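Below, each chain spelled out in residue letters.
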Amino acid sequence: MNKINIGQDLNNLSQKLVNYFFKIYLNKPLLNIALSGGNTPKKFFQLLSEKKEINWNNINIFIVDDRHVSLDSNDSNYNLIKSSLIDHINIPKENFHFIPYLKTLEESKEFYENDIVKFFNLSENEYPNFDFILLGIGNDGHTASLFPENFNQNSIEITTVAKNINRINYDRVSLDLQTLNNSNYIVFLVSGKNKKEILQKVLKKDKKYPASYIKAKKELIFFVDNAAY
Ligand SMILES: O=C1O[C@H](COP(=O)(O)O)[C@@H](O)[C@H](O)[C@H]1O
């Protein structure tokens, strides 16, 4: 049975999500989290940055996925998370782990994966265990950068790439399915009437869509507004 938390609108939903995140933080003030980009989480990031009770020294922030694009581009998830959250909180520079824009997509992927392996001190065949992951759902059922075209439910990689998919503007690097599913708390944040149809399909676990494969170790919860539900 899906856990769903409904908000009147995106503002109200984002505040509910801050409260949810804060409860997780109170239980475990040392957190390793991964955040998605896109438009939907901006309000959540702003409200989270205003939560003065959070000591960001004890939180490490990773990025769920990013486009292979310069970091100052408006299409960069790094840029979005930095400008709407990181720039407004007191967090040590080394606590923000992002996907660098290197010469090739493969180099960016390798750099990020090495960063994860080192940070979590992983042995071979181990996955990082994030405490909290924020995900979105695209209209095509993608989540992170796991699109119907590049998604492989049997992949054993920590990170993956979305490459040469004609309908998307940029190639991308992403946390892969096993990494996402090895996380404790996963939230899907979904807003707006254009997400209504795909949300119902993902809630019914329609296997055509990568978002339907997400499971969490402790809790998977959908934060949705009235328009999307
Ligand atoms: O492409 C992306 O879009 C999804 C969904 O974004 P949304 O604004 O429509 O919720 C996002 O989760 C992902 O990180 C991003 O790269």
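Just so it is clear, the structure is predicted and the values come from calculations on it, not from any experiment. (Residues numbered from 1 in each chain as written. Predicted model: local features only at pLDDT ≥ 70, side-chain atom pairs only at ≥ 80, totals over all residues. Heavy atoms only, no water.)

(A) Representation of the environment of Asn77 within the structure. Inspection of the secondary structure assignment puts Asn77 in helix α3 (residues 77-84). The exposure class of Asn77 is buried, given its relative accessible area of 5%. Along the sequence, Asn77 and Asp66 sit 11 residues apart, while their C-alpha atoms lie 5.5 Å from each other. Beyond its immediate stretch of four places on either side in the chain, Asn77 contacts Gly37, Gly38, Ile63, Asp65, Asp66 and Arg67. (Helix = DSSP H or I, 4+ residues; strand = E, 2+ residues; numbered from the N terminus. Buried < 20%, exposed > 50% of the residue type's maximum accessible area, 1.4 Å probe, protein only. Contact = heavy atoms within 4.5 Å.)

(B) Region of the structure containing the packing of helix α2 (residues 42-49) against α3. Put simply, α2 and α3 touch, their axes get as near as 9 Å, and they point 35° apart. On α3, the residues that touch Lys42, Phe45, Gln46 and Ser49 of α2 are Leu80, Ile81 and Ser84. (Axes fitted to C-alpha atoms, helices over the stretch in contact; angles between N-to-C directions.)

(C) View of the layout of surface pockets. Counted as a void, the largest pocket has a volume near 640 Å³. Lining of the largest pocket is provided by 31 residues; of these, Gly37, Gly38, Asn39, Arg67 and His142 occupy positions nearest its centre. The set of elements that each furnish at least two residues to the lining of the largest pocket consists of β4 (65-67), α3 and β9 (185-190). Of the residues that constitute the lining of the largest pocket, the class distribution is nine nonpolar, 15 polar and seven charged. Its volume calculated, the second largest pocket comes out at about 220 Å³. Along the walls of the second largest pocket sit Glu113, Val117, Ser123, Glu124, Asn125, Glu126, Tyr127, Ile156, Glu157 and Ile158, which together make up its complete lining. Grouping the amino acids of the lining of the second largest pocket by side-chain chemistry returns four nonpolar, two polar and four charged. (1 Å grid on protein atoms, 1.4 Å probe; cavity = no way out; pocket = protein on both sides within 12 Å on 5 of 7 lines; lining within 4 Å. Points joined across faces, edges and corners; volume = space filled by probe spheres on them. Nonpolar A, V, L, I, M, F, W, Y, C, P; charged D, E, K, R; others polar.)

Honestly, it's all geometry; don't read function into it.
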